[in-house]
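These are the residues of each chain, in order.
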Amino acid sequence: MIKRNKIFGIICCGLLLSAASLQAQEPLAADLSKQVESIAATIKDNPTAAADAFDDLAKGKNKKNISLLIAIGNAYLKEDKTKEAKEYADRALKVNSKSSEACMFAGDVALAEDNVGTACGYYEQAILFDKDCFEAYYKYARAYIGVNPQLSVDKLLELKAKHPEEINVDRELAIAYYQMGTYSKAKDAYDEFMKKGTADKSDYGRYAMLLYLNKNYDQSLDMTEKGMGMDPENHLLRRLKMYNLYELKRYDEGLKAAEVFFQDPDNPDYVYLDFLYRARLYLLHGDKDLSIAEFDKALEADKENEHPEIAKEASQAYEKWQNYPDAIRMYERYLDGLKGGQEDVSDLFLFGRLYYMAAGSLSAPADSSMNVAVAAVDTIQKKAYLAEADTIFAQVARRVPDNYLGYFWRARTNAMLDPETTLGLAKPYYEKAYEVLAQNPKASKSVLIECQSYLGYYYFLKMEYDTSKEYWNKILAIDPENATAKQALEGIENLQ
């Protein structure tokens, strides 16, 4: 299954901007607020005049007005003028170094300068000077969420312990747990918020996403529907509706949801997983060409090739349609994209099996001269496929010598190369596979019988009848009613 944590980090980046209920600072007098707003409008076009006007405003009786100093600083901060904003933060702290309001603003300035540690130090001071300063807890948590989310969790749990009545902390905890990749805890935290808090339309999207990540598809769909009742055109909710309907195997409804979700083809917010889900839905609906087109879009959207599993899934689709050349091509792309440079043995085995199946799909001899020519080309291609399969299964055998699969599939591959068993190409591999299987009391009976059947037939052709009988009798010990073994033994008796 495709890994989804990173893609949802992109899809739901709005989580980091969660609107919690924050403690308001002491309001600035209306007349001063209007003056600050008026001067702020001139910062960009006439910064010198704005600086002079702010300086005049913050003199005399207003010199120690912390709310005013912070309002002016915020005006500069909104224009990305952190130097000027810091000057007013310093002035506010000079008036009262134990003002939680001043500490909060100093933290905001430091955060704007990407000084996370300094910012959180100021937020800690704000909490020290005002234990009920919820905003400081939240800002601390948000500052660390992309750096060290465990610190965010710790601070939020501290707030929850001190102020259990503060219901919005669960929403923020969900965000922090999500960032850590602990989706079950994120879901549990959002569960608590949804029970006690007042959910808005964005909450339904976030909660539905967490339910989806925890594979609670029916609940996720329910939250999606509720959210769409408030915001029917919400992009995330439409996306999750399509995903959830697919996961719930409601494929016809999923296709309809996909049509709604993709009704704006120029929307820049489509991601690879969107196209992949639509490809799956088309595949299950039997729409081959449409499915292929969506797989191609998914691959194109994965610009950094961070999700090679897309190509693997596309390969499986081509295999389903018995288009083995493209199935092989996509599987090669999947293997090339694997991180670490080493594929799993299971990946290697499946790759070899594709070549084996490709060889088996090619027809043999024909009637007309045209068909004979085609058959000749097919024979060459068939041998090439089998050579690749044999090479790959040999690698499997080397990497897991105590497993029968590599030997067994080399045997099958060589048996296809030598269909009349005249050369006995498969013999050493069936022998080795049988040797490994014999050590396992739970070995597959059908695989044991295949090995023994080949070897019994091989020795029959060599007229080594006693050895041949040993293998047919071993088959009867496993399957007393095996018709092939009985017939072979009867034939040998007639020859001896």
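These remarks concern the structure in this document. On a predicted model such as this, the values are computed, not experimentally measured, just so you know.

## A closer look at the pattern of salt bridges
A pair can form between side chains of opposite charge whenever their charged atoms are brought close.
Part 1: With the rule as written, the count across this model stands at 34 salt bridges.
Part 2: Across the pair Glu450 and Arg412 runs a salt bridge, and its minimum N-O distance is 2.7 Å. On the criterion of sequence distance, the pair formed by Glu450 in helix α24 (residues 445–461) and Arg412 in helix α22 (residues 405–417) is long-range, its members being 38 residues apart.
Part 3: Owing to a relative accessible area of 23%, Arg412 belongs among the partly exposed residues under this scheme.
Part 4: A network of salt bridges, in which partner residues are shared, links Asp55, Asp56, Lys59 and Arg91.

## Quick look at the packing of helix α2 (residues 30–40) against helix α4 (residues 66–78)
Part 1: Where α2 meets α4, the axes come as close as 10 Å, and the angle between the chain directions of the two elements is 25°. In this view, α2 runs roughly parallel relative to α4, as classed from their interaxial angle. Here α2 and α4 pass one another in a crossing that is right-handed. Residue-level inspection shows Leu32, Val36 and Ala40 of α2 in contact with α4, the latter providing Leu68, Ala71, Ile72 and Ala75.
Part 2: Considered class by class, the residues forming the contact of α2 with α4 number seven nonpolar, no polar and no charged.

## Focus: the side chain of Thr224
Part 1: Within the element layout of this structure, Thr224 appears in helix α13 (residues 217–230).
Part 2: By relative accessible area, Thr224 is classed as buried at 0%.
Part 3: Within the structure, the side chain of Thr224 is placed 2.8 Å from the backbone oxygen of Ser220, a separation counted as a polar contact.
Part 4: Ignoring any residue separated from it by four or fewer positions in sequence, one finds Thr224 in contact with Ala208, Leu237, Leu240, Lys241 and Asn244.

## Some thoughts on the packing of helix α14 (residues 235–247) against helix α16 (residues 272–285)
Part 1: As a packed pair, α14 and α16 sit with axes 10 Å apart at the nearest point and diverge in direction by 40°. When the axes of α14 and α16 are compared, the pair comes out oblique. Remark: the crossing between α14 and α16 carries left-handed chirality. Residue-level contacts link Arg239, Met242, Tyr243, Tyr246 and Glu247 of α14 to Leu273, Asp274, Tyr277, Arg280, Leu281 and Leu284 of α16.
Part 2: Along the lines of polarity and charge, the residues of the contact of α14 with α16 split into seven nonpolar, no polar and four charged.

## Side note on the environment of Tyr457
Part 1: Structurally, Tyr457 is set in helix α24.
Part 2: Put simply, Tyr457 and Glu113 are 344 residues apart on the chain and 80 Å apart in space, counted from C-alpha to C-alpha.
Part 3: The contacts of Tyr457, once residues within four sequence positions are left out, are Thr421 and Trp472.

## A few points about the state of the cysteines
Part 1: For the structure shown, the criterion picks out zero disulfides.
Part 2: Its sulfur unpaired, Cys120 is 13 Å from the next cysteine sulfur, which belongs to Cys133.

## Describing a nonpolar patch on the surface
Part 1: Taken together, the side chains of Leu417, Leu423 and Leu425 define a hydrophobic patch exposed on the protein surface, amounting to about 260 Å² of accessible area.
Part 2: Assignment of secondary structure puts Leu417 in helix α22.
Part 3: Overall, Leu417 belongs to the partly exposed group, its relative accessible area being 34%.

## Quick word on the packing of aromatic side chains
Part 1: Following the criterion strictly, the structure yields 33 aromatic pairs and no others.
Part 2: Between Tyr212 and Tyr217, the ring centres sit 5.7 Å apart and the planes meet at 55°, which makes this aromatic pair tilted. One exposure class covers both Tyr212 and Tyr217, and it is buried.
Part 3: Seen in terms of ring centroids, Phe261 and Tyr270 are 5.1 Å apart; in terms of plane orientation they differ by 75°. Their pairing is edge-to-face.
Part 4: Here Phe261 falls in the buried class, since its relative accessible area comes to 2%.
Part 5: Sitting over the face of the ring of Tyr140, Lys155 holds its NZ or CZ atom 4.7 Å from the ring centroid.
Part 6: Across from the ring centre of Tyr277, 4.7 Å away, lies the NZ or CZ of Arg280, which sits over that ring.

Reading the values: rules and limits
Residues numbered from 1 in each chain as written. Predicted model: local features only at pLDDT ≥ 70, side-chain atom pairs only at ≥ 80, totals over all residues. Heavy atoms only, no water. Salt bridge = Lys/Arg side-chain N within 4 Å of Asp/Glu carboxyl O. Helix = DSSP H or I, 4+ residues; strand = E, 2+ residues; numbered from the N terminus. Buried < 20%, exposed > 50% of the residue type's maximum accessible area, 1.4 Å probe, protein only. Axes fitted to C-alpha atoms, helices over the stretch in contact; angles between N-to-C directions. Parallel < 35°, antiparallel > 145°, perpendicular 65-115°, else oblique. Left-handed = near helix turned anticlockwise from the far one by under 90°. Contact = heavy atoms within 4.5 Å. Nonpolar A, V, L, I, M, F, W, Y, C, P; charged D, E, K, R; others polar. Polar contact = N/O pair within 3.5 Å; in protein donor to acceptor, adjacent residues only side chain to side chain. Disulfide = S-S within 2.5 Å. Patch = residues over 30% accessible without salt bridge, like charges linked within 9 Å, V, L, I, M, F, W, Y side chains within 5 Å. Areas by Shrake-Rupley, 256 points an atom, 1.4 Å probe, with all protein chains shown as cover. Phe/Tyr/Trp six-rings, centres within 6.5 Å; stacked < 30°, edge-to-face > 60°. Lys NZ or Arg CZ within 6 Å of the ring centre and 35° of its normal.

Fair warning: the whole summary comes from geometry, so function is off the table for now.
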